[in-house]
Amino acid sequence: MTSPRPFPHHPAIATLIRGLASAHAAAALSLTIFGVAFATPLIRSMLGWNGLVGVVAALVPIAILVVIARWDTIEWHGLLPVSIFAFVGWCLLSTFWTDHQWVTLASSLYQIAFAFLGLTVALTRDMIQIVRSVGSVLRALLTASIAIEVLSGLVLDMPFAFMGVQGNIAMGGPIQGVFGTRNMLGFMALIALVTFVVEWRTRAVTRGTLIYSLAIAVACLGLSQSPVTALVAMALGLAALALYGLRQAPKETRRTLQWALAGLTLIGLYITYLSRSRVLALLNAGSEFEYRYLLWSQAWKLVPVHDLEGWGWTGFWQDVAPYSYINNALVREHDTSLNAFLDVYLQVGLVGLCAFLALIVLAFVRSWLLASNRRTVTYTWPALVMVALIATSTAESFILVEAGWLLLVVCSVKASQNMSWRSRLRNSTVSPVPTE
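These numbers were taken from a predicted model, which means no experiment stands behind them. (Residues numbered from 1 in each chain as written. Predicted model: local features only at pLDDT ≥ 70, side-chain atom pairs only at ≥ 80, totals over all residues. Heavy atoms only, no water.)

Engineer: Explain the overall build of the protein to me, please; I cannot follow it from the model alone.
Structural biologist: When you go through the protein residue by residue, the secondary structure sums to 17 helices and 0 strands. Split into buried and exposed, the 436 residues of the protein put 50% on the buried side. A separation of at least 24 residues holds for 76% of the contacts in the protein among residues at least 6 apart in sequence. Summed over its atoms, the accessible surface of the protein is roughly 20900 Å², and 67% of this surface lies on carbon and sulfur atoms. (Helix = DSSP H or I, 4+ residues; strand = E, 2+ residues; numbered from the N terminus. Buried < 20%, exposed > 50% of the residue type's maximum accessible area, 1.4 Å probe, protein only. Contact = heavy atoms within 4.5 Å. Areas by Shrake-Rupley, 256 points an atom, 1.4 Å probe, with all protein chains shown as cover.)

Engineer: Before we go on, may I ask you to explain helix α4 (residues 82–93) in this structure?
Structural biologist: The periodicity of an α-helix, 3.6 residues per turn, causes residues three or four positions apart to be oriented the same way. For α4, with 12 residues, the first-to-last C-alpha span of 16 Å sits near the 16 Å given by 1.5 Å per residue. Every buried residue belonging to α4 is among Ser 83, Ile 84, Phe 87, Val 88 and Cys 91, and all of these are buried. Looking straight down α4, one finds its buried side chains confined to an arc of 125 degrees; they lie on one side. (Expected span 1.5 Å × (residues − 1). Arc of directions from axis to C-beta.)

Engineer: What exactly am I supposed to notice about a nonpolar patch on the surface here?
Structural biologist: On the surface, a nonpolar cluster with roughly 460 Å² of combined accessible area is contributed by Leu 151, Leu 154, Val 155, Leu 156 and Met 158. Here Leu 151 is to be found in helix α6 (residues 127–155). (Patch = residues over 30% accessible without salt bridge, like charges linked within 9 Å, V, L, I, M, F, W, Y side chains within 5 Å. Salt bridge = Lys/Arg side-chain N within 4 Å of Asp/Glu carboxyl O.)

Engineer: Is there a simple way to explain the side chain of Ser 324 in this structure?
Structural biologist: Assignment of secondary structure puts Ser 324 in helix α13 (residues 323–329). Judged by its relative accessible area of 15%, Ser 324 falls in the buried class. With residues near it in sequence (within four places) discarded, Ser 324 still touches Gln 318 and Asp 319.

Engineer: What is the right way to read the nonpolar core from this model?
Structural biologist: As a rule of thumb, nonpolar side chains are buried together in soluble globular proteins. Among the nonpolar cores identified, the biggest contains 121 residues, and Phe 34, Phe 38, Phe 87, Leu 346, Trp 381, Trp 405 and Leu 408 are the most heavily contacted of them. Counting residues per element, this core draws most heavily on helix α14 (residues 340–373), at 14 residues. (Core = buried A, V, L, I, M, F, W, Y, C linked by side-chain atoms within 4.5 Å.)

Engineer: Could you clarify how one ought to interpret the packing of aromatic side chains in this entry?
Structural biologist: Each aromatic ring pair is specified by the distance between its two centres and by the angle formed by the two planes. This structure, assessed with the given rule, holds 13 aromatic pairs. Each ring, one from Trp 49 and one from Tyr 110, has its centre 5.6 Å from the other, and the planes form 70 degrees; the classification is edge-to-face. One end of the pair, Trp 49, is in helix α3 (residues 40–69); the other, Tyr 110, is in helix α5 (residues 101–124), with 61 residues separating them in the sequence. We classify Trp 49 as partly exposed; its relative accessible area is 39%. When the ring of Trp 49 is compared with that of Phe 316, the centres are 5.9 Å apart and the planes differ by 70 degrees; the resulting orientation is edge-to-face. Of this pair, Trp 49 sits in helix α3 while Phe 316 sits in the loop between α12 (286–302) and α13, and the two are 267 residues apart along the sequence. Classification of Phe 316 as buried rests on a relative accessible area of 13%. Feature note: the residues Phe 87, Trp 313, Phe 341, Phe 356 and Trp 405 constitute an aromatic cluster, connected by ring pairs. The side chain of Arg 44 reaches across the aromatic face of Trp 49, ending 4.7 Å from its centre. (Phe/Tyr/Trp six-rings, centres within 6.5 Å; stacked < 30°, edge-to-face > 60°. Lys NZ or Arg CZ within 6 Å of the ring centre and 35° of its normal.)

Engineer: Help me understand helix α8 (residues 207–224), please; the structure alone is not making it clear to me.
Structural biologist: A rise of 1.5 Å per residue sets the reference length of α8, with its 18 residues, at 26 Å; its end C-alpha atoms lie 26 Å apart and thus fit the reference within 8%. Buried within α8 we find Leu 210, Ser 213, Ile 216, Ala 217, Cys 220, Leu 223 and Ser 224. Among the structural elements, α6 and α7 (182–201) are those in contact with the buried residues of α8. Remark: Gln 225 follows α8 within two positions and exhibits a positive phi of approximately 50 degrees.

Engineer: Looking at this model, I keep getting lost on the layout of surface pockets. Mind explaining?
Structural biologist: Picture a little ball the size of a water molecule; that probe, rolled over the atoms, points out where space is still empty. By volume, the second largest pocket amounts to about 730 Å³. Lining of the second largest pocket is provided by 26 residues; of these, Thr 181, Asp 335, Leu 338, Glu 396 and Phe 398 occupy positions nearest its centre. Going through the elements one at a time, α3, α7, α12 and α16 (402–419) are the ones with two or more residues in the lining of the second largest pocket. Looking at the lining of the second largest pocket residue by residue, the classes come out as 9 nonpolar, 8 polar and 9 charged. (1 Å grid on protein atoms, 1.4 Å probe; cavity = no way out; pocket = protein on both sides within 12 Å on 5 of 7 lines; lining within 4 Å. Points joined across faces, edges and corners; volume = space filled by probe spheres on them. Nonpolar A, V, L, I, M, F, W, Y, C, P; charged D, E, K, R; others polar.)

Engineer: Would you explain the packing of helix α9 (residues 227–248) against α14 in this entry?
Structural biologist: The relative placement of two packed helices comes down to the angle between their axes together with the axis-to-axis distance. At their nearest, the axes of α9 and α14 sit 7 Å apart, and the two run at 50 degrees to each other. One finds that α9 runs oblique with respect to α14. Note on element contacts: α14 touches α9 through Trp 368, Ala 371 and Ser 372, opposite Ala 239, Ala 242, Leu 243, Leu 246 and Arg 247. Across the contact of α9 with α14, the residue classes tally to 6 nonpolar, 1 polar and 1 charged. (Axes fitted to C-alpha atoms, helices over the stretch in contact; angles between N-to-C directions. Parallel < 35°, antiparallel > 145°, perpendicular 65-115°, else oblique.)

Engineer: What is the right way to read unusual backbone geometry from this model?
Structural biologist: Among all residues save glycine, negative phi is the norm, and among peptide bonds the norm is trans. A cis amide bond links Ala 321 to the next residue, Pro 322, at an omega of 0 degrees. If you trace the backbone, Pro 322 turns up in the loop between α12 and α13. A positive phi is found at Arg 203, a non-glycine position, where the angle reads about 55 degrees. Tracing the chain through its elements places Arg 203 in the loop between α7 and α8.

Engineer: For this particular structure, what's the right way to read the environment of Val 178?
Structural biologist: Checked against the element boundaries, Val 178 lands in the loop between α6 and α7. For Val 178, the contacting residues outside a window of four places in its chain are Pro 41, Leu 42, Leu 141, Ala 144, Ser 145, Ile 148 and Met 163.

Engineer: What exactly am I supposed to notice about the environment of Val 344 here?
Structural biologist: Relative to the helices and strands, Val 344 resides in helix α14. Separated by 11 residues in the primary sequence, Val 344 and Ala 355 place their C-alpha atoms 9.7 Å from one another. The contact partners of Val 344, leaving out residues within four places of it in the chain, are Phe 87, Gly 349, Gly 352, Leu 353, Phe 356 and Leu 400.

Engineer: Please explain the confidence of the model for the protein as it appears in this structure.
Structural biologist: Should pLDDT be low for a region, the predicted coordinates there are not to be read in detail. Summary statistics for the protein give a mean pLDDT of 84 and a share of 86% for residues scoring 70 or more. Across residues 427–436, confidence stays below pLDDT 50; counting only partners more than four residues off in sequence or on other chains, it has 0 contacts. (pLDDT = per-residue confidence, 0-100.)

Structure (structure tokens):
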């Protein structure tokens, strides 16, 4: 059963609600939310932080109205993952013990805003509609990235410093496009490749659009020259092959194959760790890894100071302790620790890290099991996106803020819709109606 509509039936309000409840309104809002989330580096470079916050703040009340308008069509029981609320709630609670309360409060509200926008998309759109929205937005942004790099590097032959564009496309990269860094461009290109393939398998786009989409994504992926993206691409490719094999396997053997795959994954991760020097040499990423290791070491030294509760949530690093200490000790300044797990541990302590791990593990396992057992190909999208998010999190903190955080929330909610333990508990407690 759905809950009763939470607003009075005034004629003017009813007219507004009918408009907001339409499929066109939900589709437009979904496109806008993904567009803003994926283009945050571009918006921030052009409008500054105040402009970006203003754009996000304007989207939130619109999203609230759309949710209210579609209230009768949403099944709420067992839908919203508790793990999201646990992690976000702990981040917000860190306001009470941090030394920079206003920074933490503002950062928590920023995080909550993107979480709510992600919830709105997941509640109001089905899986194929989400895939098509992501595909449309990434096609536009990747095209804009190549266009801006061509303008900067070939036409005008000058960098666009305010966007972080160096104009290196004539030399084959690395390029950043509208995403601020080459690693972010590579990450979004990987998400785009997954999305475009799912669009193709569901016949959501024409052949010409598919060819163009894949070409632009592969071009951005190669020109980014990101060693991080190269590693994530290998992990994503192996995950896609494993998922394809599981989907083709007989149903009665899938459980055994799942456990075997889990064991092989652990062994592979251990071997990769032991051979990390060789892997980094093959990717020509030795110097970058060495600098990251120095950054991680500086951050790790400050974790024990507040190991249980953390220093206070900021998402992106601000010019406050301990982040100012770390940046002062390094040659370059950073706005994250370039490792999502270390960032969470540093900012919200061991409790926050446990809540974050619970969130991503539940989201991944639910998404993977759905992708393995459901025949509809759209179920593979959240599982592969989660692989990309988790793999990237070892070298970047994208999953904690803006686009990465939005994708995590969307994947978590969509997986919870079909595999929530509360739904199963509810179904098991409902007695069948006796028949005469």
